[in-house]
Amino acid sequence: MSRDKGLIGLLRKTVRFFRDDRFRIIFGTFLILLAAYMMIAFVSYFFTWHEDQDFMWADVFSGSDVRVENHAGKIGAWMSAMFMNHWFGLASFTIPFFFLILGTNMLGLKIFRTGKSIRILIFATILFSVLLSFIFGHNTEFLGSGPGGSHGYFISQWLNAILGKAGTAFLLIILFLGFFLYSFGGISEGGFFRRKRQHKKENKSNKQDQGSENEIEANGNPSESLKEVAEEEQEEEGTVNDESDLDFTINEKKPGHEEEELKQEDHSEDDVEMTVEQSENDETDSTGSLQEDYDPTLDLSSYKYPSLKLLKDHEIGNPSVSNEELRSNKNKIVETLANYKITIDKIKATIGPTVTLYEIVPAPGIRISKIKSLEDDIALSLAALGIRIVAPIPGKGTIGIEVPNQQPRTVSMKNVLSSMKFQDTKYELPVALGKTISNETYVFDLTKMPHLLVAGATGQGKSVGLNAIISSLLYKKHPSQLKFVLVDPKKVELTLYSKLERHFLAKMPDTEEPIITDTQKVITTLTSLTIEMDRRYDLLKSAHVRNIREYNEKFVKRKLNPDKGHRYLPYIILVIDEFADLIMTAGREIENPIARLAQLAR
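Note that this is a predicted model, so its numbers are computed, not measured. (Residues numbered from 1 in each chain as written. Predicted model: local features only at pLDDT ≥ 70, side-chain atom pairs only at ≥ 80, totals over all residues. Heavy atoms only, no water.)

### What to know about helix α16 (residues 548-556)
The following threshold applies: To sort residues, take the accessible area from a 1.4 Å probe on protein chains only and compare it with the maximum for the residue type: under 20% means buried, over 50% means exposed, and anything in between is partly exposed. For the purposes of this entry, the term helix denotes a DSSP run of H or I that reaches at least four residues, the term strand denotes a run of E that reaches at least two, and both are numbered from the N terminus. It is the directions from the helix axis to the C-beta atoms that the arc portrays. Residues count as neighbours in contact if any of their non-hydrogen atoms are within 4.5 Å of one another. Here a polar contact is taken to be a pair of N or O atoms separated by no more than 3.5 Å, where protein atoms must pair a possible hydrogen donor with a possible acceptor and residues adjacent in sequence count only if both atoms sit in side chains.
Of the positions making up α16, those classed as buried are I548, Y551, N552 and F555. Down the axis of α16, the smallest arc covering the buried residues is 95°, so these residues share one side. Buried residues belonging to α16 abut α15 (519-543) and β8 (571-576). With a side-chain oxygen positioned 3.3 Å from the backbone nitrogen of R549, the residue opening α16 is N547. R558, located one to two residues past α16, shows a positive phi value of around 60°.

### Side note on the packing of α15 against helix α18 (residues 588-600)
As a reminder, the rule being used: Whenever a helix is involved, its axis is fitted only over the stretch in contact; in every case the axis is a line through C-alpha atoms, and angles between N-to-C directions fall within 0 to 180 degrees. Any angle from 65 to 115 degrees is called roughly perpendicular, while one under 35 is roughly parallel, one over 145 is roughly antiparallel, and all others are oblique. Handedness of a helix crossing follows the sense of rotation of the near helix relative to the far helix, less than a right angle counterclockwise being left-handed and clockwise being right-handed. Throughout, the ten residues Ala, Val, Leu, Ile, Met, Phe, Trp, Tyr, Cys and Pro are labelled nonpolar, Asp, Glu, Lys and Arg are labelled charged, and all others, Gly among them, are labelled polar.
Running from amino to carboxyl end, α15 crosses α18 at an angle of 25°, the nearest separation of the two axes being 9 Å. If you check the angle between α15 and α18, you find them roughly parallel. Considering only the axes of α15 and α18, their crossing is left-handed. Residues V522, I523, L526, T527, L529, T530, M533, D534 and Y537 of α15 lie in contact with α18, whose contacting residues are E589, I590, P593, I594, R596, L597 and L600. Tallied by class, residues from the contact of α15 with α18 come to 11 nonpolar, 2 polar and 3 charged.

### Concerning the environment of K396
Structurally, K396 can be placed in the loop between β3 (388-390) and β4 (399-404). A relative accessible area of 44% means that K396 is categorised as partly exposed. Separated by 37 residues in sequence, K396 and E359 have C-alpha atoms that sit 9.7 Å apart.

### Here we look at the pattern of salt bridges
Where we set the bar: Salt bridges, as used here, are contacts in which a Lys or Arg side-chain nitrogen is within 4 Å of a carboxyl oxygen on Asp or Glu.
For the structure on display, the rule yields 10 salt bridges. Residues E402 and R388 are paired through a salt bridge, measuring 2.8 Å at the closest nitrogen-oxygen approach. Of this pair, E402 sits in strand β4 while R388 sits in strand β3, and the two are 14 residues apart along the sequence. Here R388 falls in the partly exposed class, since its relative accessible area comes to 47%. One salt-bridge network, held together by shared partners, links E428, R549 and E553.

### Concerning the packing of aromatic side chains
Cut-off, in case you're wondering: Within 6.5 Å between ring centres, the rings of Phe, Tyr and Trp (the latter by its six-membered ring) count as paired, and their orientation is classed by plane angle as stacked under 30 degrees, edge-to-face over 60, tilted in between.
Evaluation of the coordinates by the stated rule reveals 10 aromatic pairs. A ring pair is formed by Y303 and F504, whose centres lie 6.1 Å apart and whose planes are at 75°; its orientation type is edge-to-face. Pair noted here: Y303 is in the loop between α8 (224-236) and α9 (323-339) and F504 is in the loop between β7 (482-487) and α15, with a separation of 201 residues, a long-range link. F504 carries the same exposure label as Y303, and that label is buried. Between the aromatic rings of Y442 and F444, the centroid separation amounts to 6.2 Å while the plane-to-plane angle is 35°, which identifies the pairing as tilted. A relative accessible area of 39% places Y442 in the partly exposed class. Of the aromatic side chains, those joined through ring pairs into one cluster are F23, F27 and F30.

Everything listed here is a matter of geometry and, on its own, says nothing about what the molecule does.
Shown next, in the form of structure tokens:
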């Protein structure tokens with residue numbers, strides 16, 4: 001145990017030594033001087049290579065009788081011969097710059113962007129070595145092996161054997177062009193193509209400011225431009241994102257992860273530099289605190305929410321409950337209860353669109369169960385299709401009797417969606433189903449009841465309720481925040497939503513129809529949904545959250561790194577029509593994924 005503690009202590013001291021400012025100053029100065037020494041040796045080799053070409057490593061530490069002409073001495077002669085003759089030729093002049101960049105970085109003088117500069121130097125060394133040897137060949141009269149060195153000559157001859165001289169020339173042209181564009185601006189630094197896209201984006205935003213268009217504009221894949229810019233910026237910083245194949249063509253966008261080098265200098269009295277390090281296990285983006293919140297709606301910024309003008313207004317001409325109907329129902333309720341020796345002290349009527357609620361306050365000593373047992377008798381006296389007794393009404397000291405209106409009103413979707421309760425709701429997935437008995441708009445959050453079974457006989461309003469759910473979500477959510485998977489074995493119920501394919505519908509990549517009608521494809525789709533669900537659980541686990549809402553809030557605040565697989569998660573809502581028919585057709589193949597989704601997809 002003590003031995004382990006000793007090793008850990010030694011390791012900590014070693015790490016502390018390499019992080020010490022004194023070590024950084026000494027080592028940084030050494031690298032800068034080494035770069036200068038190598039440059040002197042390389043320049044001197046131009047004029048002395050013929051005299052020093054027979055110099056070997058074994059002669060470096062020999063006596064003073066062995067002399068060299070190189071101004072950097074024996075080590076300089078050997079070093080320059082290795083680089084200029086045996087390795088990269090004239091391209092070896094990039095090596096001193098490599099050490100110069102490292103040295104200035106160690107001293108805190110960030111003159112160059114270290115990562116990108118080193119990558120450029122390494123690529124330039126190899127490319128120019130091959131290029132010079134391809135052009136000038138193995139010229140023993142120049143530096144011993146020609147301007148490209150032995151390495152360049154070997155690679156160029158190998159390429160000539162495989163591609164021929166023409167193919168090698170074409171390959172070198174492409175590599176040189178890519179090197180030039182990457183190193184000196186071009187695409188990675190906002191060159192012509194990016195400026196052209198930016199110009200288009202500015203023109204598009206100007207058109208939107210003028211307000212000349214009132215229709216929804218969408219692209220089949222609206223994230224292409226932003227995704228390309230993000231990939232270019234990631235390539236600039238040397239990051240590569242591995243994108244696994246998704247089972248759905250969901251318009252999921254990864255934000256452009258822009259890595260910015262924070263140049264923070266602590267000018268304290270003793271001029272001590274402070275280095276801030278971040279744990280590798282931290283999922284937080286190091287630049288998140290300095291960036292604006294991520295907005296998923298920017299990927300489809302031209303999208304306009306549907307207008308309420310699209311809906312019909314059924315409020316005009318709607319029938320209402322007359323005073324005569326109210327008095328008649330009140331008298332019949334009082335008489336029926338009096339026949340059973342039940343007296344009431346007070347009665348109040350609340351008119352709803354289809355049902356009127358009569359609240360009664362029974363006299364002291366009357367048992368509630370006695371009133372509830374008279375439900376059929378009251379319905380008979382009122383000549384109503386059916387009544388419902390709520391005894392007692394929650395939160396009130398009354399008993400409620402719901403009586404259907406003789407002429408029920410039509411509750412319009414326009415009236416429901418235009419209500420302040422729906423417009424100002426803070427629910428994640430708000431759904432407006434209609435009006436309550438007190439004529440208030442009833443809104444609930446679908447995330448609080450993620451498994452919804454709509455059942456009933458023919459003509460009871462199942463399709464109306466389903467359309468109300470879908471319409472509510474379409475009026476409240478952006479395409480980047482919500483996706484539907486619609487299954488319609490009957491092929492006629494959900495077809496009107498096929499126009500949402502480019503915005504709200506998620507489907508399998510090999511599926512042509514936006515609405516799934518084939519039973520076999522339903523099985524594949526449900527299985528893919530379970531796979532997507534498992535992937536999302538992995539993301540929630542790594543983000544240390546319990547649901548999608550917390551995850552997306554963390555992602556919007558840029559506390560999750562897209563380079564580690566994190567992405568904005570839109571809600572996926574699975575809608576299955578004629579579920580009973582589907583179960584009869586496919587059986588357990590449908591039942592198993594449905595059961596798993598119902599258990600875990602929250």
